[in-house]
Amino acid sequence: MRVLTGIQASGKLHLGNYFGAMKQMIELQESNELFTFIANYHSLTSSKDPALLKQYTQEAAIDYLSLGIDPKKTTFWVQSDVPEVLELYWILSKYTPMGLLERAHSYKDKVAKGISPNHALFSYPVLMAADILLYDSELVPVGKDQIQHIEITRDIAIKFNNEHGEIFTLPEYKVDDAIATIPGLDGEKMSKSYGNTIDIFMEEKALQNRVNKIVTSSTPLGEPLKFEGCNLYAITSLFLNNENKKELQARYKSGKEGYGHLKKYLKELIWDEFEVARAKREHYLAHPQEVEAILQEGAAKVRIIAKEKLKVIKDAVGLR
Ligand code: ADP
Ligand code: TRP
């Protein structure tokens, strides 16, 4: 099955990205044809600094390869290296009713948070539809917040197919219900845009400082702590199996430990989980030409598919 996913290059990778999307994706490459790209055109909607966008794109490539994307199994590229996707984006815009985009939660949420909307932010789901439909993707693993974007993609594809025949494959989404939304330092959804992330690749000391910023209740030392509804517990349990979760619950209830101890424990768990990835990352940071070669090879491969598909689409709508 052809599985496609994209990640925004708008910041450093954080635990929300990892547990909400990457972990499932890395598992999927074992038994599927996995297409993964860095969605730098999408990141442009929120980018304020060109140098930073380039840097984030490069960092995302390195981080993905380090965390388990295997270029022998997975086709990995940067979105803007395949400009055909923008042609499709324009064509699909014609099959996208305004109301469909006006109802998009992620757009409405951003506006509600005070982000001043531009057209790119508004039409973001259409470009995402182009990403997915250009390659006849069958399955798109996403976090919960992205489900509606896949539904919009399907709506656009259905409208197009109704007019022009079965040209687009209707994609399904895959969400791991057990994972759901990963909370950030403040208990809100962990997100780069909210400044509440715990990044995967931090120096050890900086990581501890960041973990220490997780908001906890003001229970006095010596009293039992509540794990239900505790944000620190929610993040820590991502790293634990059921048995370890029970042990942690017992530590909360014992009344013998303060949040300081529990935060040290979480930092150790994060540090150990990403030990292998840190070593790979050192390698790629020292060999940027290897990373570039992987990305170029990926883009060349999907461009062939994109060009063929676009030919069929343009012909169907009457474009030369
Ligand atoms: P951000 O919100 O930090 O900008 P992205 O939009 O780049 O993160 O997210 C990349 C992927 O990671 C998406 O599939 C998204 O659903 C997933 N993801 C990001 N944050 C979370 C979270 N807090 N919980 C679950 N999944 C998340
Ligand atoms: N919007 C996605 C996100 O924020 C990134 C993305 C862009 C994407 N195009 C895509 C994901 C196509 C899956 C398929 O996470």
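These figures come from a predicted structure and were not determined experimentally. Residue numbering note: each chain is counted from 1, following its sequence as written. Here the convention is simple: chains get letters from A, ligands get numbers from 1, in the order in which they are written. At least 70 in pLDDT is required for a residue's local features to be given in this predicted model, at least 80 for side-chain atom pairs to be given and counted, and no such filter applies to totals for whole chains, interfaces and linings, which use all residues. The basis for the side-chain values is all heavy atoms of the structure; hydrogens and waters are excluded.

**Let's talk about helix α13 (residues 275-286)**
Strands are runs of DSSP state E lasting at least two residues, helices are runs of H or I lasting at least four, and both sets are numbered from the N terminus onward. Helix span, as expected, comes to 1.5 Å for every residue beyond the first. With twelve residues, α13 extends 17 Å from end C-alpha to end C-alpha; this agrees with the ideal 16 Å at 1.5 Å per step. Where α13 is concerned, the buried positions are A277, R278, R281 and Y284. Buried residues of α13, seen end-on, are gathered within an arc of 125° and therefore sit on one face of the element. Structural note: α13 exposes E275, V276, A279, E282 and A286 on the side pointing more than 90 degrees away from its buried face. Against α3 (50-67), α12 (259-273) and α14 (288-317) lie the buried residues of α13. Each residue is placed in one exposure class: buried if its accessible area under a 1.4 Å probe, protein chains only, is under 20% of its type's maximum, exposed if it is over 50%, and partly exposed if it falls in between. Working definition: the arc comes from the directions between the helix axis and the C-beta atoms, pointing outward to the latter. Contact between two residues is taken to exist if any of their heavy atoms lie within 4.5 Å; hydrogens are not considered.

**Describing the pairing of strand β3 (residues 74-78)**
The side chains of a regular strand alternate between both faces of the sheet. Of all five residues in β3, five are buried, a share of seventy percent or more. If DSSP finds at least two bridges between two strands, the strands pair. As judged from the five bridges shared by strand β2 (residues 33-38) and β3, these two strands associate in the parallel manner. Residue pairing across strands places F35 opposite T75, the latter belonging to β3.

**Remarks on the domain arrangement of the protein**
An automatic or database domain assignment supplies the residue ranges for each domain. Once the domains are mapped, the protein shows domain 1 (2-182 + 288-317) and domain 2 (202-273). Counting from both sides, the interface comprises four residues of domain 1 and, opposite them, five residues of domain 2. Buried area is a sum: the accessible area each of two parts loses on coming together, probed at 1.4 Å, counted once for each and added. Buried area between domain 1 and domain 2, summed over both chains or domains, comes out near 420 Å², and the portion from carbon and sulfur atoms is 82%. Of all residues in domain 1, L15, F19 and I182 give up the largest surface area on contact with domain 2, accounting jointly for 81% of the area buried on that side. A side-chain nitrogen of Lys or Arg and a carboxyl oxygen of Asp or Glu constitute a salt bridge if their distance falls within 4 Å. Counting across the interface, domain 1 meets domain 2 through zero salt bridges. Definition of a polar contact: a pair of N or O atoms within 3.5 Å, with one able to donate and the other able to accept a hydrogen when the atoms are protein atoms, and with sequence-neighbouring residues admitted only if both atoms are side-chain atoms. Along the contact surface separating domain 1 from domain 2 lie zero residue pairs in polar contact (both at pLDDT 80 or more).

**Quick notes on the site of ligand 2**
Around ligand 2, the surrounding shell consists of L4, G6, Q8, F37, A39, H42, Y124, M128, D131, I132, V140 and Q146. Y124 is positioned such that a nitrogen or oxygen atom in its side chain is 2.6 Å from a nitrogen atom of ligand 2. One of the side-chain nitrogen or oxygen atoms of Q146 is found 3.0 Å away from a nitrogen atom of ligand 2. Areas reported as accessible are Shrake-Rupley estimates using a 1.4 Å probe. Residue values count occlusion only from the protein chains shown. Considered on its own, ligand 2 offers 370 Å² of accessible surface; in the complex 89% of this is hidden by protein. Only heavy atoms are used to decide nearness, and a residue is near a molecule or strand if one of them lies within 4 Å of it.

**With respect to the pairing of strand β1 (residues 2-7)**
Taken across its six residues, β1 has five buried, putting it largely inside the fold. Relative to β2, β1 runs parallel, the two being bridged by six bridges. Bridged to R2 within β2 is E33.

**What to know about unusual backbone geometry**
Backbone geometry at D136 places phi at a positive 50°, although glycine is not the residue there. By the element assignment, D136 lies in the loop between α7 (119-133) and β4 (139-141). Judged by relative accessible area, D136 falls into the partly exposed class, the value being 25%.

**Some points on the nonpolar core**
In this description, a nonpolar core means a group of buried Ala, Val, Leu, Ile, Met, Phe, Trp, Tyr and Cys residues linked to one another through side-chain atoms lying within 4.5 Å. Grouped together as the largest cluster of nonpolar side chains are 56 residues, with contacts concentrated most on L15, L67, F76, I198, Y252 and I270. Here this core gathers at least three residues from each of two domains, domain 1 (2-182 + 288-317) and domain 2 (202-273). Non-local contacts of Y252, meaning those with residues more than four positions away in its chain, are made with P224, L225, K226, F227, C230, L232, Y233, Y259 and L262. The next biggest cluster of nonpolar side chains, apart from the first, holds 44 residues, and it includes V82, V85, Y135 and V175.

**What about the site of ligand 1?**
Around ligand 1 sit 16 residues, and of these H14, D145, I182, S191 and K192 come closest. Measuring from an oxygen atom of ligand 1, one finds a side-chain N or O atom of H14 at 2.7 Å. Between I182 and ligand 1, the recorded distance is 2.8 Å, taken from a backbone N or O atom to a nitrogen atom. The protein chains hide 93% of the 530 Å² of surface that ligand 1 would expose on its own. Side-chain classes are defined by residue name, with Ala, Val, Leu, Ile, Met, Phe, Trp, Tyr, Cys and Pro counting as nonpolar, Asp, Glu, Lys and Arg as charged, and the others, Gly among them, as polar. Across the shell around ligand 1, the residue classes tally to four nonpolar, nine polar and three charged.

**Topic: the packing of α3 against α13**
Angles shown run from 0 to 180 degrees and are taken between the N-to-C directions of axes, each axis being a line fitted to C-alpha atoms and, for helices, limited to the stretch in contact. Where α3 meets α13, the axes come as close as 8 Å, and the angle between the chain directions of the two elements is 135°. When the axis of α3 is compared with that of α13, the two are oblique. Here α3 runs over α13; the crossing is right-handed. Residues I62, D63, L65, S66 and L67 of α3 pack against A277, K280, R281, Y284 and L285 of α13. Partitioned by chemical class, the residues of the contact of α3 with α13 number six nonpolar, one polar and three charged. Convention used here: angles under 35 degrees read as roughly parallel, angles over 145 as roughly antiparallel, angles from 65 to 115 as roughly perpendicular, and any remaining angle as oblique. With the far helix as reference, a near helix turned anticlockwise by less than a right angle produces a left-handed crossing, and one turned clockwise produces a right-handed crossing.

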